[in-house]
Amino acid sequence: METHGDQRAMAEEKFILIPGRTSRQGCGISEGKFGTNYREEIQTLQMSPQDMARLQLKDGDWVRVATEHGSVEVPVVAAKADELPPGVLFIAYGELSSRLMGADTHGSGMPTSKGLDVTLTKCSPPEMPAGRHTPAN
Amino acid sequence: MIDRERSGAAEPELKIVEDATCTFCGCVCDDIELHVQGDRIVEAKRACVLGTAWFLNHHVEDRPACLIRGKPASVEEGIHEAARILAEAKYPLVYGLSDTTVEAQRVAASLADWLGACLDTTTSVCHGPSGMAFQGVGEVTCSLGEVRNRGDLIIFWGSNPAESHPRHFTKYSLMPKGLFVPNGRRDRTCVVVDVRKTKSAKAADIFIQIKPRADFEALWTLRALAKGLELDARQVEQDTGQPLAVWQDLVERMKRARFGVIFFGMGLTMTRGKHANSEALLALTRDLNRHTRFVCKPNRGHGNVTGADNVVSWRTGFPFGVNLARGYPRFNPGEYTAADVLARGEADAALILASDPMANFSQPAREHLKRIPYVALDPKETPTTRHATVAFTVATYGINVPGTVYRMDDVPIPLRPAFPSPFPSDQEILEGIERLVRQWKYPRPQPGLSLRPAAAGSLHR
C-alpha cells in the first residue's frame, strides 16, 4: 500500500466505521456529484469529541482510514454533541466510503457497507485538496 | 393537475403545477406546488430540503444528448452503438432502474430478457437482504396511510429519516392527527434504535443506543422476551450494549400498543448479518401479532426503487438478481447480483440505468466495469457516465417525464411533469435499443428456416 504523510504523531488506532446518509449528501446528489457540496460532504470523516481529544486531533486534521480492502485520506471533524460514541467513526456514503468495503457479499448481493473494522492514523494534508485514495495493492 | 398561467411583462411566463410528485426518496410526496419559469423550477412549496434540491437543480443542462467514447454523437448513433455492444455480449448485465418510471423499468426488463442478461436493481445494495428475508419469513405490512391513522408506537431501527426522508415524521409516522390517533404526536410514542444518536434520535421519546453490529442479538433478545423466556441479564447487556431492563420495557410497550410499526433501514441490511438481521426483525413483528397488531416496513431510499421491485417481480417472478441467460428466470443473490457479477469479472458488457455503480460499488467491481464496454443513462453527469462507452443524457422523471412510480408502501403514484426536456426519456432510449436487439438477435423467421437466434457474428452493422 502506498504511504503518505507524517505518522510520527499517532500510532494506528482501531475504530468501527459507519457510512450513512446525510441531508447535505442527499442535496449534493441533486446539485451534481462533481459539485463542492457533495465532494466536501463525502470526503469528511466524523469522530466523537472524546476520541478527538484523546488522539489530540483538531477539526481539519488529516487522517488515513484503512481496511484490508483499501485506504482513504480525509480531513476529520468532531461529531456534533453526542451523535457518535467513542470508538465509532462516521462518513457520508460516496466514492470514498465505497473504497473501504470488500467485494464479498456473502451470498446476499450486498457488500458489508456499514460497521467496517478500520485502522486510523494521522497523516499530512495533501497538496491537492480532499479525497486521496489508495486501493489495496 | 391544475396549471395556472400568468403573464409577466419582462419575466418569463410563470406556470404553477399543483400536486406535483417528488421522486427523490421513497416517500414520493405528491402534494408539491411547483413554480416554473421556462425550463427552470424556481420554487417547490411543501418540499423538504432534499425535495427542494431535487426540483431546483434539475433544469435543462448544456450537455450533449449522447456521447460515444467521450465524443458527441446523435441519439440514433448512440442507440445503434448501445444495441451493438449489448447484443454482441455473451454475459450482459442490466443494472439500476430505481430512479426512473415504471414504464421505463418495464422496457428494461424486456430488453434484459431479449439479451439473456443478468437483471439487477439498486435494491440488491439497499434492501436486497430484506427482500431475501421477506421470502424466508413473510412480511406483516400495511400502507403509510394506516400508519398515519392508526400507529401509536412507532419504532425506527437502523434508519435515520430525519436526514434521508425528511417528511416521513410530518406526513406519515409521527406528527399527523389520524382517525385513531386524534392528538397526533401526543398519541404516539416514538422509539429509535441505532448505534449513533442521529438527528432522528433527537425526535424520539426513547433512544436505545446499541453496540455496533449487535442488531441481530438485540432483536433476538426481544423475540425471547416477547415469548416470555428468561434471559441472563449480564449476557444481554454484554451482547447488545443495553441492560435487560431496557429491552423488557420496550417489549411491554410493544405488547401494550394498539398498532405498532417498525420502520427499518440499511443499518440492518448493510451490516454484518444482513438478511439474517432483517429476518430477525420480520420474525419479531410476526411474533408480536400474538399480542396486538404490529407491522414493519423498510424505509426505501430511491424514488422508484419500490417500483423496480414490483416491475421485476411481475416480469420475472423475482424482485432483483435475476439471470435470464437460459431463457427462463433464475434468482440467486450473490450469484446474479450486480456487485458480484462485476467483482468476479463475469459480465462482458452492461447497461446502467439511473444509478451510479462507479461511485457506490467495491473497488474490484468498479475496476471490472471500467474494463468492459457499457451504456449509461442519467440526467446528470456522474462517475458512471464519465467512464461509459455510450452515455445518454436523459430527461428527468417526474420533472420532465410523466409516468408512474411506487411509493415505499407499494402504492402507485402518478407523475405530473413541470416542463418538457429536449432530451429523450429513459423509456425512449430503451425502446430504441430493444427494437434493434430484437431485430438482430431474433429476426422474423423465414419459411423453412430455424427459429434459433441468429449468431452474434451475423448482426447487422
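Predicted, not measured: the structure shown is a model, and the values here were computed from it. (Residues numbered from 1 in each chain as written. Chains lettered and ligands numbered in written order. Predicted model: local features only at pLDDT ≥ 70, side-chain atom pairs only at ≥ 80, totals over all residues.)

The subject of this paragraph is the interface of chain B and chain A. On the chain A side, the residues contacting the 48 residues of chain B number 40 residues. No other element matches the four residues that helix α1 (residues 49–56) of chain B contributes to the side of chain B that touches chain A. Of the residues assigned to the side of chain B that touches chain A, the class counts are 20 nonpolar, 19 polar and nine charged. (Contact = placed C-beta atoms within 7 Å. Helix = DSSP H or I, 4+ residues; strand = E, 2+ residues; numbered from the N terminus. Nonpolar A, V, L, I, M, F, W, Y, C, P; charged D, E, K, R; others polar.)

All names here are of chain B. As summarised here, the arrangement of the five strands in space is β11-β10-β9-β12-β13, forming an open sheet in which the pairing is parallel. Taken across any chain shown, the strands that pair with only one partner, and hence form the sheet edges, are β11 (206–209) and β13 (293–298). The mean angle between the axes of side-by-side strands here comes to 15°, regardless of whether they run parallel or antiparallel. As paired strands, strand β9 (residues 153–157) and strand β12 (residues 259–264) are joined by five bridges and run parallel to one another. From the neighbouring strand, Trp157 faces β12, where its bridge partner is Phe264. The strands that helix α12 (residues 275–288) touches are β9, β12 and β13; relative to β13, the one it contacts most, it runs at about 160°. (Pairing = 2+ DSSP bridges. Axes fitted to C-alpha atoms, helices over the stretch in contact; angles between N-to-C directions.)

Residues and elements named next belong to chain B. Membership of the largest hydrophobic core comes to 176 residues, with the highest contact counts inside it found for Leu86, Ala108, Leu281 and Val375. The element contributing the most residues to this core is helix α3 (residues 102–115), with eight residues. Not counting the four nearest positions on each side in its chain, Leu86 is found in contact with Pro92, Leu115, Ala349, Leu351, Val375, Ile433 and Val437. (Core = buried A, V, L, I, M, F, W, Y, C linked by C-beta atoms within 7 Å. Buried ≥ 20, exposed ≤ 12 C-beta atoms within 10 Å, placed from the backbone.)

All names here are of chain B. Taking strand neighbours across the sheet as the criterion, the nine strands line up as β6-β5-β18-β17-β16-β7-β8-β14-β15 in an open arrangement whose pairing is mixed. Each edge of the open sheet carries a strand with a single partner, namely β6 (71–72) and β15 (330–331). For strand β7 (residues 92–96) and strand β16 (residues 349–353), the ladder comprises five bridges, and the chain directions are parallel. Bridge pairing in β16 links Tyr95 to Ile352. Each of β5 (66–68), β7, β16, β17 (374–378) and β18 (390–393) is contacted by helix α2 (residues 75–88), which is oriented at about 50° to β5, the strand it contacts most.

On to helix α8 (residues 215–226) of chain B. Residues and elements named next belong to chain B. A rise of 1.5 Å per residue sets the reference length of α8, with its twelve residues, at 16 Å; its end C-alpha atoms lie 16 Å apart and thus fit the reference within 8%. Where α8 is concerned, the buried positions are Asp215, Phe216, Ala218, Leu219, Thr221, Leu222, Leu225 and Ala226. Tucked inside the fold, the buried residues of α8 contact β10 (189–194), α9 (233–240), α10 (244–256), α11 (266–269) and α12. After α8 finishes, the residue Gly228 shows a positive phi value of roughly 85°. (Expected span 1.5 Å × (residues − 1).)

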